[in-house]
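Descriptive analysis of the structure
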Amino acid sequence: MFGYINVNGRELSEESKQIYQSYYCGLCHALKDFCGKRGQALLNYDMTFLIVLLTGLYEPKTSSREFTCMVHPMKKRTLRSNEIADYAAQMNVLLAYFNLVDDWKDEKDYSKKTLAAMYEKDYLRVKENYPRQTAAVENYIARLSTYEKAGEKNIDIVAGLAGEMLGEIFAWRQDEWYDELKTFGFYMGKFIYLMDAYEDRQKDEKKDAYNPLRYLNASDEREYETLCRLMMTSMISECAKSFERLPILLNADILRNILYSGVWSKYEYIQLKKKKRKKE
């Protein structure tokens, strides 16, 4: 479920790009602090979005400093860190761990099993720190497995599982923003599930693997593409509505860039690949 929430760098100011990158670097350091260098291997932009979102809403005390990155040593970088970065790092570990476990179960790839074992102790620490969020992910995995085995054809039901799970992760605290953040995460989770299923459909057809989009009632490929785009657009529209109800001013331009443009980057990439295949 990683790789779908990113910025559109072409439509973002240089200053906003640097701010966004500093939160990304802050997440990298938070992962290292939580579980060492192996944690940095899990780094992704999806959880960076969560940091920017929750930081904009709660405006916690945030420190900023320059550092030399071992991967990019030629120029000093800036990182921003706060308690939300620490939370996002643990959610990153939690989701990555179950992603590895799920890949092992689906593909019987022993490398994924080995990697999952490497992060098991870290997952158990997350479970102790955040039992509500961990239970949501565990419940999602269990129910999804049941639906997959049953060959559930209703994509709204299956995508809703991802929505329920991500809703609990977006809802950092059980406070006055809990319900709205759950709503935001719910529709974002459904969008991510739909985009993931959309990207994997051809591969899943070849392997005869479960994918609810294989059962979509479309008369031809053109109608299929239209229905997929409409479903995903509907989910992001609900995310945008939820976002606009939140009193976020800090880095709102970055968040709007992601919601109104960046989340479609992977979709556009898939379209380019399809056009290339047709030409070949």
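Preceding this paragraph is the structure being described.
Analysis parameters
Residues numbered from 1 in each chain as written. Predicted model: local features only at pLDDT ≥ 70, side-chain atom pairs only at ≥ 80, totals over all residues. Heavy atoms only, no water. Salt bridge = Lys/Arg side-chain N within 4 Å of Asp/Glu carboxyl O. Helix = DSSP H or I, 4+ residues; strand = E, 2+ residues; numbered from the N terminus. Buried < 20%, exposed > 50% of the residue type's maximum accessible area, 1.4 Å probe, protein only. Contact = heavy atoms within 4.5 Å. Phe/Tyr/Trp six-rings, centres within 6.5 Å; stacked < 30°, edge-to-face > 60°. Lys NZ or Arg CZ within 6 Å of the ring centre and 35° of its normal.

So, on to the pattern of salt bridges. Per the counting criterion, the structure on display carries 17 salt bridges. Here Lys 182 and Glu 168 are joined by a salt bridge, their closest N and O atoms 3.3 Å apart. Taken together, the residues span a long stretch of sequence, with Lys 182 in helix 8 (residues 178-207) and Glu 168 in helix 7 (residues 155-170) at a distance of 14 residues. The exposure class assigned to Lys 182 is partly exposed, which follows from its relative accessible area of 29%. For the salt bridge of Asp 208 with Arg 214, the shortest nitrogen-to-oxygen distance reads 3.2 Å. What makes Arg 214 partly exposed here is its relative accessible area of 29%.

For the rest of this paragraph, the subject is the side chain of Asn 251. When you line up the elements, Asn 251 lands in the loop between helix 9 (221-245) and helix 10 (252-260). Asn 251 sits in the buried class, given a relative accessible area of 10%. Leave out the neighbours within four places in its chain, and Asn 251 touches Ile 19, Tyr 23 and Val 52.

With that settled, the discussion passes to the packing of aromatic side chains. Considering all chains together, one arrives at 17 aromatic pairs under this definition. Both rings, one in Phe 170 and one in Phe 184, keep their centres 5.6 Å apart while their planes meet at 35°; by these two values the pair is tilted. Taken as a pair, Phe 170 in helix 7 and Phe 184 in helix 8 lie far apart in primary sequence, 14 residues in all. By the burial criterion, Phe 170 is buried, and Phe 184 matches it. Ring centres of Phe 186 and Tyr 187 lie 5.1 Å apart, and the angle between their planes is 80°; this geometry places the pair in the edge-to-face category. Under the relative-accessibility criterion, Phe 186 is labelled partly exposed at 25%. Take Tyr 187: its relative accessible area is 22%, and that puts it in the partly exposed class. Members of the aromatic cluster, connected to one another through ring pairs, are Phe 191, Tyr 198, Tyr 224, Trp 264 and Tyr 267. Above the plane of the ring of Tyr 58 lies Arg 173, whose end atom (NZ or CZ) is 5.5 Å from the centre. Seen from the ring of Tyr 4, Lys 266 lies directly overhead, with NZ or CZ sitting 4.7 Å from the centre.

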